[in-house]
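# Structural features, examined
Chain residues, written in single-letter form:
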Amino acid sequence: ETGVTQSPTHLIKTRGQQVTLRCSSQSGHNTVSWYQQALGQGPQFIFQYYREEENGRGNFPPRFSGLQFPNYSSELNVNALELDDSALYLCASSWDKGTDTQYFGPGTRLTVL
Amino acid sequence: GQNIDQPTEMTATEGAIVQINCTYQTSGFNGLFWYQQHAGEAPTFLSYNVLDGLEEKGRFSSFLSRSKGYSYLLLKELQMKDSASYLCAVRFPGGYNKLIFGAGTRLAVHP
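Described below are features of the structure shown in this document.

Thresholds, definitions, all that
- Residues numbered from 1 in each chain as written.
- Chains lettered and ligands numbered in written order.
- Predicted model: local features only at pLDDT ≥ 70, side-chain atom pairs only at ≥ 80, totals over all residues.
- Heavy atoms only, no water.
- Helix = DSSP H or I, 4+ residues; strand = E, 2+ residues; numbered from the N terminus.
- Rg over C-alpha atoms; globule rule 2.2 N^0.38 Å.
- Salt bridge = Lys/Arg side-chain N within 4 Å of Asp/Glu carboxyl O.
- Buried < 20%, exposed > 50% of the residue type's maximum accessible area, 1.4 Å probe, protein only.
- Polar contact = N/O pair within 3.5 Å; in protein donor to acceptor, adjacent residues only side chain to side chain.
- Contact = heavy atoms within 4.5 Å.
- Pairing = 2+ DSSP bridges.
- Axes fitted to C-alpha atoms, helices over the stretch in contact; angles between N-to-C directions.

### Describing the overall build of chain A
- Broken down by element type, chain A carries zero helices and eleven strands.
- Counted from the first residue to the last, chain A has its helices and strands arranged as β-β-β-β-β-β-β-β-β-β-β.
- In terms of C-alpha radius of gyration, chain A reaches 13 Å, essentially the compact-globule figure of 13 Å for 113 residues.
- Each of the three principal axes of chain A carries a C-alpha extent, and together these read 40 × 30 × 25 Å.

What follows is the structure, given as structure tokens:
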């Protein structure tokens with residue numbers, strides 16, 4: 001176990017709705033990265049938060065947004081859900097924004113109907 | 001674009017040795033990671049290479065050749081619990097910890 005936790009475990013939403021996913025980083029880690037993993041694919045980088053600021057973004061539209069709190073936990077928000085947003089959402093924490101190994105949480109399985 | 005290639009599936013026998021290859025063509029490089037992922041679970045860190053050569057960690061070893069854009073993960077003394085997907089990921093330079101993953105190699109270990 002990595003000490004990274006995510007909630008909820010599973011979620012079912014309908015197209016057009018909004019969703020918030022949560023991540024608690026491992027103790028001592030100040031950086032959280034979010035990834036989307038479609039079935040049968042590798043994870044794709046969404047964005048990274050370092051000390052409450054967005055510190056890098058992948059090729060995802062603005063309806064994917066995030067927050068990081070003073071205790072370094074983080075939220076991923078997705079607006080106007082689309083069917084293709086159905087995936088496993090993983091967060092990963094590390095103690096440094098650029099060079100440390102990332103440790104993943106168990107993920108949130110999002111299904112959009 | 002960024003390209004990371006791995007075989008889609010491999011099978012091996014319990015007790016044997018298997019090598020999973022990964023080739024990459026990326027616009028930047030700041031290290032290569034291997035993760036293990038059991039179905040429906042989070043990726044678990046296995047190994048990290050940033051310099052050329054072999055890194056050994058128990059039953060697992062990983063090799064990197066930066067000039068060839070090539071890495072492999074070697075698993076020895078295979079066990080049934082090693083049946084999982086193995087993900088190769090390249091970290092980008094630039095001050096943030098962005099990993100670009102391959103699609104993963106599904107390894108099935110049979111008795």
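### As for the pattern of salt bridges
Residues and elements named next belong to chain A.
- What the rule picks out here adds up to eight salt bridges over all chains.
- Notably, a salt bridge pairs aspartate 85 with arginine 63, separated by 2.8 Å at the nearest N-O pair. Of this pair, aspartate 85 sits in the loop between β8 (74-78) and β9 (87-94) while arginine 63 sits in the loop between β6 (53-57) and β7 (64-68), and the two are 22 residues apart along the sequence. Residues aspartate 85 and arginine 63 agree in their burial class; the two are buried.
- Connected via shared salt-bridge partners are Arg63, Glu82 and Asp85.

### Examining the side chain of Arg59(B)
Residue and element names in this part refer to chain B.
- For arginine 59, the position within the fold is in the loop between β6 (53-57) and β7 (60-65).
- One polar contact links the side chain of arginine 59 to the main-chain carbonyl oxygen of glutamate 77, over a distance of 3.2 Å.
- What arginine 59 contacts, discounting residues up to four positions off in sequence, is Leu74, Leu75, Lys76, Glu77, Leu78, Gln79, Lys81 and Asp82.

### What to know about the sheet that holds β8(A)
Residue and element names in this part refer to chain A.
- With respect to topology, four strands assemble into an open sheet ordered β1-β3-β8-β7, the strand pairing being antiparallel. Both edges of this open sheet fall to β1 (5-7) and β7, since each of them pairs with a single strand only. For this sheet, the mean angle separating the axes of adjacent strands, direction not counted, is 20 degrees.
- As judged from the five bridges shared by strand β3 (residues 19-24) and β8, these two strands associate in the antiparallel manner. Across the sheet, the residue bridging to cysteine 23 is serine 74, located in β8.

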